[in-house]
Amino acid sequence: MIHIHEQGSQEDILQQDSNANQRHRERIFRPRVSLFGLNEEEVRSRYRFSTEVILELFEQIQQDIEPNCERNHAVPGMVKLLSALHYFASASFQGTVSALSGISQPSFSRHLTQVLKAINKLTPQYIVFPSDKAALKTIKDGFFKISSFPNVMGVIDCTHVALSPPTEDIYRNSKNFHSLNVQMVCASDMRILNLVAGYPGSTHDSYILKHSSLHSILTSGNLPEGWILGDDAYPLTEYLLTPVKDAKTKAEKQYNAAHKLAHSIIESTFGSIKSRFRCLDRSGGVLQYSPEKGAQIILACCILHNLAVSRNLHVDILDDLEAPPPVPPVSEEENTQAGKRTRTQVINRYFT
């Protein structure tokens, strides 16, 4: 038994114990994630991409994510990328992904921000609404082959991505959970042509379109003849055609059937994205980030979705995806006279 009678003696002993612990404590580095040792099925299951496409993506963003120092045990760029892809695909909590990746949770958070910034710099390369006739003709031909609906430049709709509740109640949607309302336009092959990802969940679909760059593109008068297709959450205009309410004639019913067939592509796109990246669907959890960071994650996943589409990497659409919040239709007064004339002309010319 040791009796401490003097304060100085107690401090000396504590200091000696501390020094001893420091001498014998060694920093432990966990094994870091790698593509090596995984077969192709395991790679696709964990990251939703083939090894070849992951390496291609890494080459595009390597300069932005490789460590800029030579200190020992700096996290390599590939580890950062694989950790981010695993998070997008699995929707696991940061701690779980970081443990499997061999890095600490704070390190994963920092590196995720770095990877998001690097991927999102690729936006002009991967998410583009075409303006030249040749590219638009390819899109139109794709929709016509699927639905027999002519001159379709894209289909539009919104989907919700759940968030950990922010302070502002404006993010609460009609199903009473907090989300971002995300507008997308896609081509017939499910390639995303236009994206708006930052609006709160309570925002109406038509408001997002009206205040988006897409609205400026469509109303500029610089595009060839054509239109995008939307549901009744959008106003009928000369560049956006919606279904006929209470269709009566055979031509109107044929128009609606073709419209529904073409517009279904956007629903398949939402299903594909949320099945590939479970972090975007409420069934996989909610994004534990600010709305701003959530929008960055959505953009990155949409870029990666387009990369997958371009490489024919298909994904099975899951059955347990969250049903979208209901959206009230726009009022009849919002439908323009020019839109009504255009829709009537389309029905009489192509569906009579």
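Attention in this report is confined to the structure presented alongside it. Only a predicted model underlies this, so the values are computations on that prediction, with no experimental measurement involved. (Residues numbered from 1 in each chain as written. Predicted model: local features only at pLDDT ≥ 70, side-chain atom pairs only at ≥ 80, totals over all residues. Heavy atoms only, no water.)

### A look at the sheet that holds strand E3 (residues 192–200)
Point 1. A sheet is described by the order of its strands in space; here five strands give the open sequence E3-E2-E1-E4-E5, paired in mixed fashion. Either end of the sheet is taken by a strand with one partner, and the two such strands are E3 and strand E5 (240–241).
Point 2. Strand direction decides the pairing type here: strand E1 (residues 152–162) and strand E2 (residues 179–186), joined by eight bridges, are antiparallel. From the neighbouring strand, Thr-159 faces E2, where its bridge partner is Val-182.
Point 3. Relative to the sheet, helix H8 (residues 133–147) contacts E1, E2 and E3, its axis offset from that of E1 by approximately 80°.
Point 4. Strands E1, E2 and E3 of the sheet are contacted by helix H12 (residues 291–310), whose axis makes an angle of about 165° with E3. (Pairing = 2+ DSSP bridges. Helix = DSSP H or I, 4+ residues; strand = E, 2+ residues; numbered from the N terminus. Contact = heavy atoms within 4.5 Å. Axes fitted to C-alpha atoms, helices over the stretch in contact; angles between N-to-C directions.)

### What to know about empty space enclosed by the protein
Point 1. If you walk through the whole model with that rule in mind, you get two cavities of 30 Å³ or more.
Point 2. Looking at the largest cavity, its volume works out to about 60 Å³.
Point 3. Lining the largest cavity are His-160, Val-161, Ala-162, Phe-177, Lys-274, Leu-280, Asp-281, Arg-282, Glu-322, Ala-323, Pro-324 and Pro-325.
Point 4. Among the elements that take part in the lining of the largest cavity, E1 stands out by supplying three residues, more than any other. (1 Å grid on protein atoms, 1.4 Å probe; cavity = no way out; pocket = protein on both sides within 12 Å on 5 of 7 lines; lining within 4 Å. Points joined across faces, edges and corners; volume = space filled by probe spheres on them.)

### With respect to the nonpolar core
Point 1. Among the nonpolar cores identified, the biggest contains 94 residues, and Phe-49, Ile-54, Leu-81, Phe-88, Phe-149, Cys-279 and Ile-297 are the most heavily contacted of them.
Point 2. Looking at this core, the element that brings in the most residues is H12, giving eleven residues.
Point 3. In this structure, this core is formed jointly by two domains, domain 1 (40–125) and domain 2 (128–290 + 309–351), each of which donates at least three residues.
Point 4. In this structure Phe-149 touches Phe-143, Phe-144, Trp-227, Leu-229, Leu-241, Tyr-255, Ala-258, His-259, Val-346 and Phe-351, once residues within four positions along its chain are discounted. (Core = buried A, V, L, I, M, F, W, Y, C linked by side-chain atoms within 4.5 Å. Buried < 20%, exposed > 50% of the residue type's maximum accessible area, 1.4 Å probe, protein only. Domains from an automatic or database assignment.)

### Topic: the packing of aromatic side chains
Point 1. Counted under the stated rule, the structure contains nine aromatic pairs.
Point 2. Consider the rings of Phe-49 and Phe-277, whose centres lie 6.3 Å apart with planes at 35°: the pair is tilted. One end of the pair, Phe-49, is in the loop between helix H2 (40–47) and helix H3 (51–65); the other, Phe-277, is in the loop between helix H11 (250–276) and H12, and 228 residues separate them in sequence. Side by side, Phe-49 and Phe-277 carry an identical accessibility label, which is buried. (Phe/Tyr/Trp six-rings, centres within 6.5 Å; stacked < 30°, edge-to-face > 60°.)

### Thoughts on the packing of H11 against helix H13 (residues 337–350)
Point 1. It is the contact of H11 with H13, at a shortest axis distance of 9 Å, that shows an interaxial angle of 100°. Classified by the angle between their axes, H11 and H13 sit roughly perpendicular to one another. Across the interface between the two elements, Ala-251, Glu-252 and Tyr-255 of H11 pack against Arg-343, Val-346 and Ile-347 of H13.
Point 2. Classifying every residue of the contact of H11 with H13 by side-chain character gives four nonpolar, no polar and two charged. (Parallel < 35°, antiparallel > 145°, perpendicular 65-115°, else oblique. Nonpolar A, V, L, I, M, F, W, Y, C, P; charged D, E, K, R; others polar.)

### Quick word on the pattern of salt bridges
Point 1. A full pass over the atoms with the stated rule returns ten salt bridges.
Point 2. Note that Arg-44 is salt-bridged to Glu-40, the shortest N-O span being 3.9 Å. Of this pair, Arg-44 and Glu-40 both sit in helix H2, four residues apart, roughly one helical turn.
Point 3. With relative accessibility at 35%, the residue Glu-40 sits in the partly exposed group.
Point 4. Notably, a salt bridge pairs Arg-282 with Glu-322, separated by 3.4 Å at the nearest N-O pair. Pair noted here: Arg-282 is in the loop between H11 and H12 and Glu-322 is in the loop between H12 and H13, with a separation of 40 residues, a long-range link.
Point 5. On the accessibility criterion, Arg-282 (37% relative accessible area) is partly exposed.
Point 6. You can call Glu-322 partly exposed: its relative accessible area is 26%.
Point 7. A single salt-bridge network, built from bridges that share partners, covers Lys-175, Arg-282 and Glu-322. (Salt bridge = Lys/Arg side-chain N within 4 Å of Asp/Glu carboxyl O.)

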